[in-house]
Structure formats: structure tokens, C-alpha cells
Amino acid sequence: MSLEFSRKITRVFTIGEIAEIAEAEVVGGDLTSAVAKQSEIIGVSSLEMARPRELTFLGARRYQERLLTSRATACILTRQYLDLLPKHMIGLIVKDPYLAMTHVLAQLYSDAITPNALFEHSGVSPSAIVHSLARLEPGVTIDPGAVIGPRVQIGTGSVIGAHAVIGADVCIGRHCNIGAHVTLMSALIGDRVIIHPGARLGQDGYGYALSENAYEKTPQLGRVIIQDEVEIGSNTTIDRGALRDTIIGEGTKIDNLVQIGHNVIIGRSCAIVAQTGVAGSSEIGDFVLIGGQAAIGGHLTIGDRAQIAAKSGVMRSVAAGARVGGAPARSLRKFMRMEAMLDKLARASKPKLNSN
Amino acid sequence: MSLEFSRKITRVFTIGEIAEIAEAEVVGGDLTSAVAKQSEIIGVSSLEMARPRELTFLGARRYQERLLTSRATACILTRQYLDLLPKHMIGLIVKDPYLAMTHVLAQLYSDAITPNALFEHSGVSPSAIVHSLARLEPGVTIDPGAVIGPRVQIGTGSVIGAHAVIGADVCIGRHCNIGAHVTLMSALIGDRVIIHPGARLGQDGYGYALSENAYEKTPQLGRVIIQDEVEIGSNTTIDRGALRDTIIGEGTKIDNLVQIGHNVIIGRSCAIVAQTGVAGSSEIGDFVLIGGQAAIGGHLTIGDRAQIAAKSGVMRSVAAGARVGGAPARSLRKFMRMEAMLDKLARASKPKLNSN
Amino acid sequence: MSLEFSRKITRVFTIGEIAEIAEAEVVGGDLTSAVAKQSEIIGVSSLEMARPRELTFLGARRYQERLLTSRATACILTRQYLDLLPKHMIGLIVKDPYLAMTHVLAQLYSDAITPNALFEHSGVSPSAIVHSLARLEPGVTIDPGAVIGPRVQIGTGSVIGAHAVIGADVCIGRHCNIGAHVTLMSALIGDRVIIHPGARLGQDGYGYALSENAYEKTPQLGRVIIQDEVEIGSNTTIDRGALRDTIIGEGTKIDNLVQIGHNVIIGRSCAIVAQTGVAGSSEIGDFVLIGGQAAIGGHLTIGDRAQIAAKSGVMRSVAAGARVGGAPARSLRKFMRMEAMLDKLARASKPKLNSN
């Protein structure tokens, strides 16, 4: 079966119920809208993998051909693709299919919003190692082998993954999910935070003073503060501050293998895509988007709602709302003009007898 | 001794035996070929580290000077470097020295092909934590501290490294090696798969819908499927699919610190070098080469046998057999022409009085 | 309190004592220098977080405004910013504030120079798994859950973090700190080495021979050698050599998420910033600086004191003392000239009616 690892669907839903969650208009295909609304949905899948009695969605033009051969019973889509809808398929017309699908999945697979305990138990696993001075609220789950240090505090509803290591004095809020193999040190973690396996928070930052040809290590004394509803990807690293704190603002989502240097302050609801690096002491505003493999130099300021293209190398501060790209980064418009110009010059310099 | 961590050589081999494995012609140096073939080899090492009674190989022109001072008894090389061979050294002449050496090492150090149990034991370590519903075939080795979840299946000959965490319902085939500290969730793993320490498979992908200035998490329901003979490097991350599966095709080799986004499908026998990222939903064909630190954007198609240069930023789909480079990526020919043109322009714009 | 995770300050220090450590001249502000030297300091913090009775420092021009509103009792700074010093604040004038602060912190927070045991215990944790053939000198600390393999040797004063996995035959010197979740295999580790959580050392390198459309794995037989006083960041990966060893020279400092390929040799006192990759068999001299997200190709030589800019893609060997940047990397001077020229051309090609 296509999704055997999924959390089970909560129950069977009718198209009518789903339309309500998705705020969608129902177009019945062969059926009247009223009959269509009685149809039952037992799962959700992609266009190509969906089977009858499943729901799917069309998120982008490039997948429109997959709609034609999809076996799904119903599809969430925008009005502009309605004429592509096969006759046998029920349409649920919305403005933003991805957002609608997010809402639908959150209802149909409600326990998949937060990763759960791997061992399907609750409470403290007998193989976990919990220091006698740690304080756990009722309703905390500790997976096998997790190590909880002295004076750690963990709020109700939080799950600590297998073999996670929580260092002395760390505070973790409520309804958090700390993945397997995560390391937390010198950290304050808010509520409803998700940290995926192998992320490292709170180790020493990269700080040395050069003295007569040797690097002397600068003691790192700050904390890592992770505000509510942050999500942090697998194997991402976030260093503790040196003399102040490293801070990740509320609702910011960080992908896998991202590096956040010491003293960095990131605002609310930023999106930071995989393999990006933010060097020490930079300050990033709210609602900033940073594409994958970008680099933000140290001691810079990135204004609210700035957008940094993937693979950018940002060497100067970026104004609020600005869009930059390239390495070194320039305004995105200028960067694209430069690239177009280079293309033109390269065509002009093309040897006459070679094909491209 | 130079290689004290090596698995021991299986036994002493003669040059004649090695020549047979390497499909090599023996050139005796001071000796007749027949006498040379009687010489015994007790180990293999690099040109500069090899000692008498050891075998070495010359893989590239740039190391030819090291041949002159090498103390090895014998060297695998191509005919074109034969005149560089010191008189005291036996030559084994082949077409592809690296391939020949790979075959020789596979015989001489046969237990180094697959990483082994760290604790040199077999069976299930008493400190491993195996759920009562897990099913292990006979001949499975579980290293200390590994955590095996409910309904996990593991095939014979597989080794699960120390502190690895295998989530509920994961299936692992036969003769696999799962490294220390690996996390597997929502994953199906084929036969003869090698996963190095700290790799993360099957965590949630990076999926959010933007709604009124907040990111809403999109539930991730798909699997990760790893086909036979795949090798995955240390600290690499491969996310589970959202509504379909993430798939890594047979024989594909992935290096360290690579990021593979949700829904990505990679074909057979691809090589993906360290720190590369493949964004969500892209589909990569067979025999594709991707150099280090490359980025493949989301929702793209990369055709069979395409070659992506290191550090490329691929923003459009790439045709089968095409070679691309640069960020944003262009055909490699065009990219090289652009770089040559830039060099020329930079020379022209060089201030008269400065040296470079 | 602002730094609750810090190791505690050793004791209260007077400004006079601190001036001696920092080799600083004391400027009393409202006080005479003699009176100022009697003032007591109970902590150190950043300009913006410091409170009365704390010390801070001004490291760069860009933070000079924060000096004006800082509540610190004293500030380490250079003479050129002396006129910015608020009247109530004591100045400690030095040539290199960052170096001076490093020395001061090393005295005031002496136990923060090396990360300590997470569980604040000494000796071998009862939940650690130590092979009967491992040899530990007296004074070794093993945190909960660490796995120590057969014939491992660990020197006095070393701390092995929670759930670290130390493979067979690994040698670790004295006064090392091996972080939580670190994996060490086929490794020799010197004295006073710090390895942060999740680093992977000694796994197989990325070596395959292509034979009739399939990759054959080349056995990896070498070691990883880490010399004295090296520091290695979180989730960094360093592969064992193939036929020779991978070597990291004395005093070299490697940041987070760095990839070091098999057979790489790195000299003394190099600084390698986060997310950099060094491909197999390259040889890097002493005192080399490599910025973040740089890539060094395989089989190259980087001379002593070379400087590689962040995000460089180095495809050819680099001479001693040279400074390079860009991808592909060129001399930094040429690279900057090219970028300036591109800027000029882009301005010239700017459409008349658009603003930038």
C-alpha cells in the first residue's frame, strides 16, 4: 500500500466535509455537486500514486499532465485548471491548493503534524537516563536511551527522541518534539518546537584570537534561545552565543544541514532552506526568506521581508524588503541583468565552427 | 605500522595471483617475469607510504615523481608510465589502475568492503534495545545501544551500528551495514545497502503553507525507499516524501553531508558528491554525476547520464547526456567560454601600474 | 540572569587584575586610574547585554553606537574609540581587544575553555559501555551511554561525551574533549583535542571504480590522524584515508558541517570555516585560511598561508601566500576586478525606464 508508514487517517471523510475544511467549491464531474459531496475519501496521495477513493491536488502547472491519468476520486485545484479535470474526478476549487491541502491533511492525519515517539509508548522509557535533579512535568515522553542532564526542565506533552542528549540546565517548553540523536546544551526551547534528528544546539561557536601564529580559543558563554513554534531540520547546527545569546525567533522554519553561527539573531517567521550558513553575529529580521546553500557573512543586518536567493553569498547588509542574489550578492534585478548580459557576450564570443 | 586499523590482509598473495586478479601483465624489473610472479605481497599502501613487500599503484600523472622514491615491491600502472618504473620494482600493467586496484583490494582485504560491527561480536548486543515486535532474521548483528522499534524487519547478514535508531515499521534487507548513530524512519532499505554514521533518513521534509504571515506545517506522509547497493555518506539527510515517496535508485552512491529533499526520485548508479543539495520533488535519471556542493532546484528533471559540475546551481531541467556548470548553471561549454571571456575582460581592465 | 549556562566566574576580579591579564592601560572615566583599578568585576557580557559590575569589549567600529548605551562598568577597546567611552565607564586600552578579551575570559571563566562532562560527574558513568579490552588512564571521564570499543586507549583528563561511539583500536590522547554523539573509527587523536557533538571521523571515504556501468566500492584502509590542539566542529565529517592516512595538523581549527575527504593532509594552525569541503587527496599547508562554504577540488596543493575566500571553488593548486576567491577561484585581486567590471557593464546595460 502506498503510504504504509503514514499515521492512519483519522476516519473516513466525505467530500462535503473536506470542502468545508478546504473552503472549496465542489464541481461534481459526472455527478451533481450534491451527490459528489456524499463521496467518501479514505486517504490522500500524490497525483501519480493516488487510487480510487483517495484525494489528490494539483499544485503547479508542470504537473497538469499527471492529472489526466490520475486515478484519484477527487482533486483540489484552482479554477484555471478546471477544464483539465477528468470527467470521473470531483474537483474542489480553491485559491491556494497547497494551503488548502495543508489544512485538509492537518484534519485527516491530525497526528502527523508533530512527529511522535518512535516506540509508541508514553512516559519515560526504562532505558532513558534521567538525572535525579531533572524536572519533568506530567505527560512528558522520553524515548529509549535519551540522556537528560541535571536541572533540565521539560514541559507537558513534549517528546524526547531516542538517544537525544539534553545537557545541564536546558529548559524545554510544552508540546515540543525533540528528535532522535539531537544534542541540546545551554539552550532554552519554547513551546511547540520541533527539532529533527541529529540537530546540534548550543555547542561552542567558532571563536579564536590569533596570537603569534597560534589560535587561542575564546570561551563561549552565551545561550541558544529557540522561541515558540520554531522547526529545525536534521543535522543542522546552531552554536551558543559567545557573550550574548543566539536567538531564533517565533515561527521560524530552518531546514536540514543549516549552520547558524554564534550570536546570530533571527526574527519571526523566517524560512531558511537547506545547507545555508549564517556567520557569527549577524542579525536577521522578520519574514526573511533565504534559499538553499546561501551564505550570510558575519556581523551583517538583513532587514524584514528581505529575500536572499539560493546560493547567494551575502557580503553586505541587506535592506528591508530587498531581493538579492549571486555571490557576491547584488540586487536580484541587477544579478539577472548581469547574467543575461553574460549570456549575450558568451554567444558573441562563440567560436564559429563549434556547436554549443 | 602504516595501516594498523586495516582489516588484516586475507593471506599472503603472490604477484602472479595478484596479476590474475588485476588482469595485468607482469614486468619484472630486475627479475624475469616468472621469478617476479613468485614474489610475495603482504600488504597494499600508497606510493609514499608503501614499504618493501607491499603493493602500490600509480593512478594519475601528477604522482609520477612519488613512484621514483617509492619503496613498494610492486606497482600497478598503465603502460605509458612504464619507463618511470624503478629497476627494483615489479610492474603490473593494466588499462585502468584504479579499477584494477579496487579488484585487488577486494580480494586482499575482503572484509573491508563492508564496514563491520564495531564491537567485533555477532548477534544482538545485550545493551541494544529491541522492541518485542521487531523481526530479525538469523545472522543479524546489533551493536551496543542500538534501538530497534516495533515491527521493524532486518534481513540476515545485516549489521546495525552502535546507537543507531530504527523507527517503527522500517524494513532493512540483507547484508546491509547501518552505521553508528544513523536514524531511519518511514524507510524501506534494500539489500547490500551501506549507510554511514549519522545519516538521517525519513524525517519530515521542509513543507509549509504560508497563511497570513505564518507558516503552517504540511503533514509529511510518504516514505524513503533505498534500493539495493546504495551507499549513503555520513551526516547526509534524506527526507521522507510528502504525498509520494522519496526514492534512491539501485547502486547510487551518495557522499557525506548531502541533502535530499522530500519527493525526490533518483535513478540507478548515480554519483552525488559531498555537500550537494537536491530540492524537493526533483527527478534525476540514471548514471547522473553531480559534483560537490552543487544545488539542484525543486521540481526539475535531470536526464540520464547528465553531468552537473561541482558548485553548480541548477535552476532548469537538464537534458539527458548534457553537461552543465556554473550558478545559475549553463551548458559546460558555454560556462567555460564565459569564464574565459571574463578573464580576458579582466585583463583588459587591469590598472596599468598594478601587478596582479 | 543573562548568562545562566555559563560556567561560573572563577572569583571576583578587580579592574587592576584584569588590566594585567589584558596588558591594558586603565582610563578611569570619572575616576582616577588608581581608584578605577579597585573596581570589582563579577562577569563579562556583550555591549548590549552587560549590566553594572560587568566587563564588555568593543571589537569593531560597527558596534560603536552600542557603547554609548551600554551599562557595563568597564570596556576593553582600542585607543581610537576612547573618545566614545561614556563618562561612567572605565576603559581598558589595548591593541587587540578580541585577543585581550580571549585572555581575560580564559582567566575569569577558566573551566569554559574545554567543554565539560554533561552530567557533572567524574569517572566512568554506569551506563557507559566499555569493552573489557579498552585501556583508560586514571582521570578519564565517560558520560552516560558512551560506547568504547576493544583496544581503545584514552589518556588522562579526557572526557568522552554522552553516546559517543569510539571504535576498535582508536587512541585518544590526554585532556581531550570528545562531544556527545561523536563517532570515531580508525582514528588517532592527539592531546588537548576538542571534537564537538555529531562529528564523524574515520568512516570510509567516497571511493569507487566504474566498471561496465556499475560503481565498485574501493576498500578504504587508511586512518584519520588528528594532531594536538585541533578543534573540530559539530556534524563535521572527516573520512579515513584509502591507502594512506587523512591528517589534520596541530592547532588547526575546523568549524561545523565541514567535509574533509579521504587522504587529505592539512597542515598546522589552519582555520577552516563552516560548510567548506575539501575533496580527496588534497594537501593543504600551514596557516591556511579557508572561508565558509568554500570547495577545494581533489588532488590539489594549497601553499602555506594561502587565503581562500568564502564560497570559493578552487579548481587548481594555490601558491603559498596567495589569496583567491570566486568559483572557479582566481586571484582575489582579479576576482574583485572582474566583479567591478561586471557591475559597470550591468549598469550600462540597464534598461532606460526601469529603476534598480
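About the cut-offs
- Residues numbered from 1 in each chain as written.
- Chains lettered and ligands numbered in written order.
- Predicted model: local features only at pLDDT ≥ 70, side-chain atom pairs only at ≥ 80, totals over all residues.
- Heavy atoms only, no water.
- Helix = DSSP H or I, 4+ residues; strand = E, 2+ residues; numbered from the N terminus.
- Buried < 20%, exposed > 50% of the residue type's maximum accessible area, 1.4 Å probe, protein only.
- Contact = heavy atoms within 4.5 Å.
- Areas by Shrake-Rupley, 256 points an atom, 1.4 Å probe, with all protein chains shown as cover.
- Buried area = accessible area lost by both parts, 1.4 Å probe.
- Salt bridge = Lys/Arg side-chain N within 4 Å of Asp/Glu carboxyl O.
- Polar contact = N/O pair within 3.5 Å; in protein donor to acceptor, adjacent residues only side chain to side chain.
- Least-squares fit on C-alpha atoms with pLDDT ≥ 70 in both.
- Pairing = 2+ DSSP bridges.
- Nonpolar A, V, L, I, M, F, W, Y, C, P; charged D, E, K, R; others polar.

Participant: An account of the overall build of chain A is needed here, citing residue identities and associated values.
Facilitator: Secondary structure summary: chain A contains 5 helices and 39 strands in total. For chain A, the spread of C-alpha atoms along the principal axes amounts to about 80 × 70 × 35 Å. Buried residues in chain A amount to 62% of all 356 residues. A fraction of 23% describes how many contacts in chain A between residues 6 or more apart in sequence connect residues 24 or more apart. When the accessible area of chain A is evaluated, it comes to approximately 13400 Å², of which 52% is carbon and sulfur surface.

Participant: Residue-level account of the interface of chain A and chain B, with values.
Facilitator: Taken together, the 77 residues of chain A in the interface contact 76 residues of chain B. Summing both sides of the interface, chain A and chain B together bury roughly 5900 Å²; the carbon and sulfur share of this comes to 59%. At the junction of chain A and chain B, the tally comes to 7 salt bridges. The partner of Glu231(A) in a salt bridge is Lys217(B), and the shortest N-O contact between them spans 2.7 Å. Put simply, chain A and chain B have 35 residue pairs in polar contact (both at pLDDT 80 or more) between them. When residues of the side of chain A that touches chain B are traced back to their parent elements, those giving at least two are helix H4 (97-108), strand E27 (253-254), strand E30 (271-272) and helix H5 (332-348) of chain A.

Participant: Let's hear about the relation of the copies chain C and chain A: which residues, and what values?
Facilitator: Relative to chain A, chain C is turned by 120 degrees and slid 0.0 Å along the rotation axis, the superposed coordinates differing by an RMSD of 0.1 Å. One copy is carried onto the other by what is essentially a three-fold rotation axis. In this assembly the copies use different faces: only 16% of the residues contributing to the interface of chain C also contribute to that of chain A.

Participant: Quick rundown of the pairing of strand E7 (residues 90-93) of chain A? Include the residues and the values.
Facilitator: All names here are of chain A. What you see with E7 is no split at all: Ile-90 and Leu-92 on one side and Gly-91 and Ile-93 on the other are buried throughout. The sheet contact formed by strand E2 (residues 25-27) and E7 spans 3 bridges and is antiparallel. Paired with Glu-25 across the strands is Ile-93, a residue of E7. Pairing of strand E6 (residues 74-77) with E7 involves 4 bridges; the strand directions are parallel. Residue pairing across strands places Ile-76 opposite Leu-92, the latter belonging to E7.

Participant: Give me the interface of chain C and chain A: which residues, what numbers.
Facilitator: Between chain C and chain A, the residue contacts involve 77 residues of the former and 76 residues of the latter. Carbon and sulfur atoms supply 59% of the area that chain C and chain A bury against each other, a total of about 5900 Å² over both sides. Inspection of the chain C/chain A interface yields 7 salt bridges. The residue Glu339(C) makes a salt bridge to Arg330(A) at a minimum N-O spacing of 2.6 Å. For the side of chain C that touches chain A, the elements supplying multiple residues, two or more each, are helix H4 (97-108), strand E27 (253-254), strand E30 (271-272) and helix H5 (332-348) of chain C. Among the residues forming the side of chain C that touches chain A, the class breakdown is 37 nonpolar, 23 polar and 17 charged.

Participant: So what's going on with the sheet that holds strand E39 (residues 330-331) of chain A? Which residues, and what values?
Facilitator: Backbone-to-backbone hydrogen bonds join strands into a sheet, with any given pair of strands oriented parallel or antiparallel. Residues and elements named next belong to chain A. Read across the open sheet, the 11 strands follow the order E10-E13-E16-E19-E24-E27-E30-E33-E36-E38-E39; overall the sheet is mixed. Taken across any chain shown, the strands that pair with only one partner, and hence form the sheet edges, are strand E10 (141-142) and E39. Here strand E19 (residues 194-195) pairs with strand E24 (residues 231-232) via 2 bridges, running parallel. Note on E24: the bridge partner recorded for Ile-194 is Glu-231.

Participant: Give a description of the pairing of strand E22 (residues 214-217) of chain C that names residues and reports values.
Facilitator: All names here are of chain C. In E22, alternate side chains face the same way, and those of Tyr-215 and Lys-217 are buried while those of Ala-214 and Glu-216 on the opposite face are not. As judged from the 4 bridges shared by strand E21 (residues 208-211) and E22, these two strands associate in the antiparallel manner. Bridged to Tyr-208 within E22 is Lys-217.

Participant: Which residues make up the pattern of salt bridges, and what values go with them?
Facilitator: Under the counting rule described, the total for this entry stands at 60 salt bridges over all chains. Arg11(C) serves as the salt-bridge partner of Glu17(C), at 3.2 Å between the closest nitrogen and oxygen. Given the relative accessible area of 29%, Glu17(C) is considered partly exposed. Because the salt bridges share partners, they merge into one network encompassing Glu48(A), Arg66(A), Arg244(B) and Glu283(B).

Fair warning: the whole summary comes from geometry, so function is off the table for now.
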